[in-house]
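Read off the chains here:
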Amino acid sequence: MPLHFSPAPAPAERSVLAALGSPTAVREARTSALRAATGPTSPELPLPVHVMDRSTLESDSPTRLAGWRFLIRSGERAVAAADTRLTPDGWAFSHFFEGPYVTATEAALRQADDLAAPHQPRLLSVPGLYMLTLWLHGDPAADAGRGGPLATDLLVPIAPAPPGIAAHRPYPASELLPVLTRRLSPGQLPGPLLPA
């Protein structure tokens with residue numbers, strides 16, 4: 001299996017398990033698929049969520065770790081996702097959600113699993129562009145919470161992707177990052193379209 005998932009911090013996973021075990025947390029979640037799930041649910045495929053925005057572009061690192069995301073599986077498919085965030089007291093459950101990014105993330109992971117080279121999967125969120133990418137880091141043994149994309153890493157935009165960027169197409173980071181940086185820069189035009 002070319003995807004090498006880094007283990008999430010134990011408190012992050014425990015907080016998601018506690019939320020899944022809480023009838024109140026599940027009932028109050030805005031995830032009808034999670035509420036309707038029959039049988040056991042489990043958090044799987046932990047992914048560190050890194051954010052790239054104007055503030056990170058102006059700092060020493062182009063990204064910052066914002067949390068860990070777990071796909072919530074019921075039966076054969078992911079029905080929702082759970083996000084955790086770092087608080088002054090450590091990792092804590094943030095919220096459950098569902099929607100197109102859950103199924104598209106699962107599809108992108110299946111697609112990436114067919115690549116020949118090993119990768120460490122991460123998520124790269126670009127809120128200013130309403131964009132989420134599967135970030136395939138080339139060093140499977142790296143600390144998943146640190147560092148920015150290397151030029152040789154692959155970035156796979158998850159559907160729905162912004163106009164001019166093809167979803168589910170692996171782009172070398174050296175090709176996609178300059179486009180994202182340009183689009184995030186104040187007063188800049190979106191720039192050229194990328195090949196589909």
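The structure this text deals with has already been given above.
The present account deals with the structure reproduced in this document. Remember, predicted model here, so these are calculated numbers, not experimental data.

1. Concerning helix α1 (residues 10-20)
Working step 1: Among the residues of α1, those classed as buried are Ala12, Ser15, Val16, Ala19 and Leu20. Buried residues of α1 fall within an arc of 135° about the axis and therefore sit on the same side. α1 presents Arg14 and Ala18 as exposed residues on the side facing more than 90 degrees away from its buried surface.

2. A closer look at the layout of surface pockets
Working step 1: In this structure, the largest pocket spans a volume of roughly 210 Å³.
Working step 2: In terms of lining residues, the largest pocket is bounded by Val49, Val51, Ala66, Arg69, Asp83, Phe97, Tyr101, Ser125, Pro127, Tyr130, Met131 and Leu132.
Working step 3: Of all the elements in the fold, those that place two or more residues in the lining of the largest pocket are β1 (41-51), β2 (64-74) and β6 (131-137).
Working step 4: Looking at the lining of the largest pocket residue by residue, the classes come out as nine nonpolar, one polar and two charged.

3. Points about the packing of aromatic side chains
Working step 1: Taken as a whole and assessed by the stated rule, the structure comprises one aromatic pair.
Working step 2: Seen in terms of ring centroids, phenylalanine 93 and phenylalanine 96 are 4.7 Å apart; in terms of plane orientation they differ by 55°. Their pairing is tilted.
Working step 3: A relative accessible area of 23% places phenylalanine 93 in the partly exposed class.
Working step 4: On the accessibility criterion, phenylalanine 96 (7% relative accessible area) is buried.
Working step 5: Between arginine 122 and the ring centre of tryptophan 135, over which it is positioned, the NZ or CZ distance is 4.6 Å.

4. Brief notes about the pattern of salt bridges
Opposite charge on two side chains permits them to pair, given that their charged atoms come into close proximity.
Working step 1: Under the defined criterion, the tally for this structure stands at five salt bridges.
Working step 2: The partner of arginine 73 in a salt bridge is glutamate 106, with the nearest N and O atoms 3.0 Å apart. Pair noted here: arginine 73 is in strand β2 and glutamate 106 is in helix α5 (residues 100-112), with a separation of 33 residues, a long-range link. Here arginine 73 matches glutamate 106 in class, with each residue buried.
Working step 3: One continuous salt-bridge network, built from bridges that share partners, spans Glu44, Arg73 and Glu106.

5. Side note on the sheet that holds strand β3 (residues 77-87)
Working step 1: Strand order in this open sheet of eight strands is β4-β3-β2-β1-β5-β6-β7-β8, and the pairing throughout is mixed. Looking at the sheet topology across the chains shown, the edges are occupied by β4 (90-97) and β8 (171-172).
Working step 2: Bridge count between β6 and strand β7 (residues 154-157): four bridges; the pairing is antiparallel. By the bridge assignment for β7, threonine 133 is matched with proline 157.
Working step 3: Those strands touched by α5 are β1, β2, β3, β4, β5 (120-126), β6 and β7, and its axis lies near 25° from that of β6.

Procedures and definitions
- Residues numbered from 1 in each chain as written.
- Predicted model: local features only at pLDDT ≥ 70, side-chain atom pairs only at ≥ 80, totals over all residues.
- Heavy atoms only, no water.
- Buried < 20%, exposed > 50% of the residue type's maximum accessible area, 1.4 Å probe, protein only.
- Helix = DSSP H or I, 4+ residues; strand = E, 2+ residues; numbered from the N terminus.
- Arc of directions from axis to C-beta.
- 1 Å grid on protein atoms, 1.4 Å probe; cavity = no way out; pocket = protein on both sides within 12 Å on 5 of 7 lines; lining within 4 Å.
- Points joined across faces, edges and corners; volume = space filled by probe spheres on them.
- Nonpolar A, V, L, I, M, F, W, Y, C, P; charged D, E, K, R; others polar.
- Phe/Tyr/Trp six-rings, centres within 6.5 Å; stacked < 30°, edge-to-face > 60°.
- Lys NZ or Arg CZ within 6 Å of the ring centre and 35° of its normal.
- Salt bridge = Lys/Arg side-chain N within 4 Å of Asp/Glu carboxyl O.
- Pairing = 2+ DSSP bridges.
- Contact = heavy atoms within 4.5 Å.
- Axes fitted to C-alpha atoms, helices over the stretch in contact; angles between N-to-C directions.

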